[in-house]
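# Summary of structural features
Each chain is listed here by its residues.
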Amino acid sequence: MLTEDALDTLFREGRSHNAWRDEPVSDETLREIYALTRMGPTSANSSPARFLFLRTREAKERLAPALSSGNHDKTMAAPVTAIIAYDPKFHDKLPTLFPHNPEARSWFTANEALAATTAFRNGTLQGAYFIIAARALGLDVGPMSGFDNDKVDGTFLAAQGWRSNFLCNLGYGDPTGLFARSPRLEFDEACILL
Ligand SMILES: Cc1cc2nc3c(=O)[nH]c(=O)nc-3n(C[C@H](O)[C@H](O)[C@H](O)COP(=O)(O)O)c2cc1C
């Protein structure tokens, strides 16, 4: 069982940040985030998520035209912006990732809709693991879907054939930029016990 402090860090006090302290995030830390993220479960161990870490001014400038106006300034100011993407052809790696069943790749080559659903569902799950991993390592996050996916795909992902899911600013948050915490649904509103 985790300590109450750890639960605070991961969930109860973890916030979606809009402003950043002037403190860099090392490439080593980005590698640690990925090392934790990749261990989260995905269907057939499909691991469809892919991650681009934009850490330079030049990379941020290429991202800027795709950002919604409300997301522009905070993204340019963040030490790192991750593009949480997924590989629609994730199944090509199943012979390695799911060695228990050599047939697994064919489940997806035979069914385009299943492949698309699996890529997006599991890529999104991995995006959530990424957020929790970053918080576990002491970072703050600012996830965003307010951007033009086609522009991001064209600018950053065309060579690999990957697709963008959401963006996530990473760094050490400045709490003065936070909105007031919004309410969450009560157990009885969101859950059913059968
Ligand atoms: C997938 C995703 C997309 C989001 N998109 C945006 C966005 O485009 N711009 C923004 O300012 N916040 C965005 N948010 C932040 C949410 O509004 C925020 O997580 C939510 O209000 C809860 O805030 P809290 O984590 O501080 O409690 C997004 C969050 C997620 C998880």
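Everything below is about the structure shown above.
A brief report on the enclosed structure follows. This one's a predicted model, so the numbers in the text were calculated from it and none came from an experiment. (Residues numbered from 1 in each chain as written. Predicted model: local features only at pLDDT ≥ 70, side-chain atom pairs only at ≥ 80, totals over all residues. Heavy atoms only, no water.)

## So, the pairing of strand β4 (residues 163–171)
Inclusion rule: Buried residues are those whose accessible area, probed at 1.4 Å on protein chains only, stays under 20% of the maximum for their type, while exposed residues exceed 50% and partly exposed ones sit between those limits. Secondary structure is summarised from DSSP: a helix means a run of H or I of at least four residues, a strand means a run of E of at least two, and numbering begins at the N terminus for each. Here, a strand pair is defined by DSSP locating no fewer than two bridges between the strands.
Counting buried residues along β4, eight of its nine residues qualify, which places the element largely inside the surrounding structure. Sheet analysis places strand β2 (residues 80–86) next to β4, joined by seven bridges and oriented antiparallel. From the neighbouring strand, Y86 faces β4, where its bridge partner is R163.

## Some details on the sheet that holds β2
For the record, the criterion: To get an axis, fit a line to the C-alpha atoms, keeping to the stretch in contact for a helix; angles then go from 0 to 180 degrees between the N-to-C directions. Between two residues, a contact is recorded if the distance between any of their heavy atoms is within 4.5 Å.
In space, the four strands of this open sheet follow the order β1-β2-β4-β3, with antiparallel pairing throughout. The strands lining the two open edges of the sheet, one partner per strand, are β1 (49–54) and β3 (140–144). Pairwise comparison of adjacent strand axes, ignoring direction, gives a mean angle of 25° for this sheet. Pairing of β3 with β4 involves five bridges; the strand directions are antiparallel. Looking at the pairing, M144 lines up with L167 of β4. This element, helix α7 (residues 112–136), spans β1, β2, β3 and β4 of the sheet and lies at about 5° to β4.

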